[in-house]
Amino acid sequence: GVAALTFSVVDSEDPIEVDGLTEYVIRVGNQGTKPASNVRVTATMLGDLQPVDADGPVEHQVENLTVSFDPLARLAPTEEAVFRVQARGRREGDQRVQVQVTEAEQQTPVTKEEVTRVYADR
């Protein structure tokens, strides 16, 4: 068998005002026939987003503009894990978050980006 990870990234609020919050919901699923192991999820704020908080099935660390979740030991076939990252828009414009997912047998990260429009109410 083989593990086959898929994932999606969706922002809960878009657009947001400057200093407003949005939450990125990251859903990681295993469509393969064997469990995935050592699943790692990392979210990096690009542009002018600031990570505020995060939640998921494992612990996380925030360093500068990156939220790193501890490795998820096992993700069974057909199972899904949900990770959440809250971010604040610091400046108007199109701001992006980049999410990377790896697992033990696939060390090359799979990367997706989500864009959130931040506006200033004048």
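Preceding this section is the structure that the text describes.
The following refers to the structure shown. All figures in this text were calculated on a predicted structure; none of them were measured in a lab.

## Overview of the packing of aromatic side chains
Here is step 1: Per the counting criterion, the structure on display carries one aromatic pair.
Here is step 2: Ring geometry for phenylalanine 69 against phenylalanine 83: centres 4.9 Å apart, planes inclined by 65°, an arrangement best described as edge-to-face. Residue phenylalanine 69 is located in strand 7 (residues 66–69), and its partner phenylalanine 83 is located in strand 9 (residues 80–89); the two are separated by 14 residues in the primary sequence.
Here is step 3: Judged by relative accessible area, which is 1%, phenylalanine 83 ranks as buried.
Here is step 4: Note that lysine 112 overlies the ring of phenylalanine 7, its terminal NZ or CZ placed 4.8 Å from the centroid.

## Quick word on the side chain of threonine 102
Here is step 1: Examined against the element boundaries, threonine 102 turns out to sit in strand 10 (residues 93–103).
Here is step 2: When its relative accessible area of 13% is taken as the criterion, threonine 102 is described as buried.
Here is step 3: If we skip the residues at most four places from it in the chain, threonine 102 touches Leu5, Asn38, Val39, Arg40, Gln107, Thr108 and Pro109.

## Structural notes on the pairing of strand 6 (residues 60–63)
Here is step 1: Sheet topology note: the strand 6/strand 7 ladder contains four bridges and is antiparallel. The residue of strand 7 that forms the bridge with glutamine 61 is serine 68.
Here is step 2: Following strand 6, the chain reverses through two residues before pairing antiparallel with strand 7; asparagine 64 in that reversal takes a positive phi of roughly 55°.

## A short note on the environment of glutamate 80
Here is step 1: Structurally, glutamate 80 is set in strand 9.
Here is step 2: The exposure class of glutamate 80 is partly exposed, given its relative accessible area of 46%.
Here is step 3: Spatially, the C-alpha atoms of glutamate 80 and valine 101 are 13 Å apart, while their sequence positions differ by 21 residues.
Here is step 4: With residues near it in sequence (within four places) discarded, glutamate 80 still touches Arg27, Val28, Gly29 and Leu75.
Here is step 5: A polar contact of 3.2 Å, which involves the side chain of glutamate 80, links it to the side chain of arginine 27.

## A word on the pairing of strand 11 (residues 106–119)
Here is step 1: Two elements, strand 2 (residues 16–17) and strand 11, share two bridges in a ladder whose sense is parallel. Within strand 11, the position partnered with isoleucine 16 by the bridge is valine 118.
Here is step 2: The sheet contact formed by strand 10 and strand 11 spans 10 bridges and is antiparallel. Following the sheet pairing, glutamine 98 is matched in strand 11 by glutamate 113.
Here is step 3: In this structure, the hairpin formed by strand 10 and strand 11 is closed by a connection of two residues.

Cut-off values and rules
- Residues numbered from 1 in each chain as written.
- Predicted model: local features only at pLDDT ≥ 70, side-chain atom pairs only at ≥ 80, totals over all residues.
- Heavy atoms only, no water.
- Phe/Tyr/Trp six-rings, centres within 6.5 Å; stacked < 30°, edge-to-face > 60°.
- Helix = DSSP H or I, 4+ residues; strand = E, 2+ residues; numbered from the N terminus.
- Buried < 20%, exposed > 50% of the residue type's maximum accessible area, 1.4 Å probe, protein only.
- Lys NZ or Arg CZ within 6 Å of the ring centre and 35° of its normal.
- Contact = heavy atoms within 4.5 Å.
- Pairing = 2+ DSSP bridges.
- Polar contact = N/O pair within 3.5 Å; in protein donor to acceptor, adjacent residues only side chain to side chain.

Geometry only, nothing functional implied.
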